[in-house]
Amino acid sequence: MDTANIQEIRDGARLGVISGVTTNPSLAASEGIGNAQDYKAAVQEISDLVDGPISVEVVSQDAPGMVAEGREIAEWIPNPWVKIPSTPAGFEAISILARDGIKINQTLCFSTNQALLGAQAGSTAVSPFVGRLDDIGHQGMQMVAEIVSIFRSYDIKTLVLAASIRHTLHCTMAAQAGADIATVPYKVLLQMAQHPLTDAGMARFQADWEKAGKS
Ligand code: G3P
């Protein structure tokens, strides 16, 4: 799930299909979080709800600041993935933090070349932002498929985490493209689970069952 909303995470976790949570400064800010102390508290609460990796983003923009933040975040919870942006300073920070053994979710990835550099630097996962590319008229999922294809060709272990998911078709397409993970807003997760024909079928079964019970 792609959210910092605790109730959404509680509700999503109950479905039994969540393998982790990704957050970012905007998602945190939408929950009223604007400092490291509150972010830490929220991330620790999330970590208590979901066993999988929790992605927590640095806000520094220079390498030393990212490295310092990443090392601090790595101590917050049992399974942190530190989110580092796909910038020159970010690759420098990724290469240092990866050598520390800290897991990295390389975020704000908008090109295959950024994904390649991140894999070389040591990213655990790279997050191509599909929706934001679609928003400007590109076909974001084609980049996901290209990254997956190249990573497979060279047996690159970095995971491909499809991000900026806008709708249920993105979820299907991410799977078709071979993405290892998709990070999904709660609203889209529910839409994945629901279908009008399933609802109609349930209603029909119930009506037939109740009708037979009265005969
Ligand atoms: O959290 C990373 C990414 O999923 C954000 O997506 O919707 O802000 O483009 P979005």
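So, here is what we can say about the structure in this document. (Residues numbered from 1 in each chain as written. Predicted model: local features only at pLDDT ≥ 70, side-chain atom pairs only at ≥ 80, totals over all residues. Heavy atoms only, no water.)

1. Regarding helix H3 (residues 36–49)
Piece 1. Between its terminal C-alpha atoms H3 stretches 20 Å, which fits the 20 Å expected from 14 residues at 1.5 Å a residue.
Piece 2. Among the residues of H3, Tyr 39, Ala 42, Val 43, Ile 46 and Ser 47 are the ones counted as buried. The buried residues of H3 all sit within an arc of 140° when viewed along its axis, so they share a single face. Set apart from the buried face of H3 by more than 90 degrees, the exposed residues are Gln 37 and Asp 48.
Piece 3. For H3, the elements touching its buried residues are helix H1 (6–14), strand S1 (21–22), helix H2 (25–29) and strand S2 (54–57).
Piece 4. The N-capping residue of H3, defined by a side-chain oxygen 3.1 Å from the backbone nitrogen of Gln 37, is Asn 35. (Helix = DSSP H or I, 4+ residues; strand = E, 2+ residues; numbered from the N terminus. Expected span 1.5 Å × (residues − 1). Buried < 20%, exposed > 50% of the residue type's maximum accessible area, 1.4 Å probe, protein only. Arc of directions from axis to C-beta. Contact = heavy atoms within 4.5 Å. Polar contact = N/O pair within 3.5 Å; in protein donor to acceptor, adjacent residues only side chain to side chain.)

2. Observations regarding the site of the ligand
Piece 1. As a structural note, the neighbourhood of the ligand is formed by Asp 2, Asn 24, Lys 83, Phe 129, Arg 132, Ala 163, Ser 164, Arg 166 and Thr 183.
Piece 2. Side-chain polar atom of Lys 83 to an oxygen atom of the ligand: 3.3 Å apart, as the coordinates give it.
Piece 3. Compared with its free state, where it exposes 310 Å², the ligand has 83% of that area covered by protein.
Piece 4. Within the shell around the ligand, the residues separate by chemical class into two nonpolar, three polar and four charged. (Near = heavy atom within 4 Å. Areas by Shrake-Rupley, 256 points an atom, 1.4 Å probe, with all protein chains shown as cover. Nonpolar A, V, L, I, M, F, W, Y, C, P; charged D, E, K, R; others polar.)

3. Topic: the pairing of strand S5 (residues 125–128)
Piece 1. Of the two faces of S5, the one lined by Ala 125 and Ser 127 and the one lined by Val 126 and Pro 128 are each fully buried.
Piece 2. Note: S5 against strand S6 (residues 159–162), two bridges, orientation parallel. Looking across to S6, one finds that Ala 125 is bridged to Leu 159. (Pairing = 2+ DSSP bridges.)

4. Some details on unusual backbone geometry
Piece 1. Here the phi dihedral of Leu 108 falls at roughly 55°; this positive angle occurs in a residue that is not glycine.
Piece 2. For Leu 108, the location among the structural elements is in strand S4 (residues 104–109).

5. Observations concerning the sheet that holds strand S7 (residues 181–182)
Piece 1. With parallel pairing, seven strands are arranged side by side in an open sheet as S1-S2-S3-S4-S5-S6-S7. The sheet is open, and its two borders are formed by S1 and S7, each paired with just one other strand.
Piece 2. In this sheet, S2 lies alongside S1 in parallel orientation, the contact comprising two bridges. Looking at the pairing, Thr 22 lines up with Ser 55 of S2.

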